[in-house]
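Residues per chain, in single letters:
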Amino acid sequence: MITTAGESTREPQDTVSSDSWDLDGSSGRGDHSDHSDHVILLDEDCAPLGLAPRATVHSATTPLHLAFSCHVVREDGQVLVTRRALTKRTWPGVWTNSFCGHPRQGESFAAAVARHAAHELGLEVRGVRAALPDFRYRAVDASGVVENEICPVFIADAVGEPTPNPAEVMDLRWVAPGEIAALVDLAPWTLSPWMVSQVPDLRGHLVPSAAQTPGPAAAPAPAPAPAPAPASRS
């Protein structure tokens, strides 16, 4: 059974920052022992509850926590889709958006996006911008593991080509936005449930930023006027 929903939640005060959910690390529910790799737990009103180690938070009773999704676009308008490694705990081998992740305490979404792009894809990104700042979903993998996330969706521009980390990504493709929308319509079971829920609301967002899009070609400089012919002598 898989259920997904793009439920409305509180919009972050800064749509490219997780500061709205920052915790002081001194109170709240959760294990605070591992500050290097953790997720931020949230209540139904999006208020922070504490931290939990990322390695232990996903189970059949995964608590609501903060995450993000990112779709990477190339200068030519192609969008990067990736296939999750077979060693991933949830949805192994499934095609999905460019990458996902969890911001850490005190880390901006822009910084978290850059960190995960480098780790999963060996890729530098720029122009991180919010597309669906209030996206939320819950889904159950075939193994019974639950994803339960407040998950703002971002678009970012690629700098160069990816060199994927095989522990995270087993395959990738650059595809046109229209092809992604068609795949969601025709074969949603081939994709991650969060991507299926996101794509219908991303129309018009899956484009390079203005800074990334090449401007119109400059008009060629006019040819210099020919020099006047010397006057003839009679």
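In what follows, the structure referred to is the one given above.
Residue positions within a chain follow its written sequence, with the count starting from 1. In keeping with the model being predicted, local features are shown solely for residues with a pLDDT of at least 70 and side-chain atom pairs are shown and tallied solely at 80 or more, while totals for entire chains, interfaces and linings include all residues. Just so you know, side-chain values use all the structure's heavy atoms and leave hydrogens and water out.

Let us look at the pairing of strand 11 (residues 153-159). Relative accessible area decides the class of each residue, using a 1.4 Å probe on protein chains only: under 20% of the type maximum gives buried, over 50% gives exposed, and in between gives partly exposed. The helix and strand labels rest on DSSP assignments: H or I over at least four residues marks a helix, E over at least two residues marks a strand, and numbering proceeds from the N terminus. Counting buried positions along strand 11 gives 6 out of 7 residues, so the element sits mostly inside the fold. A pair of strands is labelled paired if DSSP reports no fewer than 2 bridges between them. Relative to strand 11, strand 4 (residues 68-73) runs parallel, the two being bridged by 5 bridges. Across the sheet, Val72 pairs through a bridge with Ala156, a residue of strand 11. Of the pairings in the sheet, the one linking strand 8 (residues 124-132) to strand 11 comprises 6 bridges and is antiparallel in character. Counterpart to Glu124 in the pairing with strand 11 is Val159.

The next subject is the state of the cysteines. Disulfides are defined as pairs of cysteine sulfur atoms found within 2.5 Å of each other. This structure, assessed with the given rule, holds 0 disulfides. Residue Cys100 stays outside any disulfide, its sulfur separated by 5.6 Å from that of Cys151, the closest cysteine.

For the rest of this paragraph, the subject is the nonpolar core. Counting 25 residues, the largest nonpolar core has Phe68, Cys70, Val72, Phe99, Val113, Leu121 and Val125 as its most contacted members. Contributing elements (two or more residues each) for this core: strand 1 (38-42), strand 4, helix 2 (109-121), strand 11 and strand 12 (169-175). No other element matches the 5 residues that helix 2 contributes to this core. Contacts are assigned to residue pairs with any non-hydrogen atoms lying within 4.5 Å of each other. Excluding residues that lie within four positions of it along the chain, Val125 makes contacts with Val72, Val113, Ala114, Ala117, Ala156, Asp157 and Val159. In terms of nonpolar packing, the next biggest core, distinct from the first, is built from 23 residues, Ala67, Val73, Val79 and Ile155 among them. To qualify as a nonpolar core, a set must consist of buried Ala, Val, Leu, Ile, Met, Phe, Trp, Tyr and Cys residues joined through side-chain atoms within 4.5 Å.

Here we come to the environment of Trp174. Relative to the assigned elements, Trp174 resides in strand 12. Counting along the chain gives 97 residues from Trp174 to Gly77, while the straight-line C-alpha distance between them is 9.3 Å. Any N or O atom pair separated by 3.5 Å or less is treated as a polar contact, with the protein-specific requirement of one donor-capable and one acceptor-capable atom, and with residues adjacent in sequence counted only for side-chain atom pairs. One polar contact links Trp174 to Glu161, side chain to side chain, over a distance of 3.1 Å.

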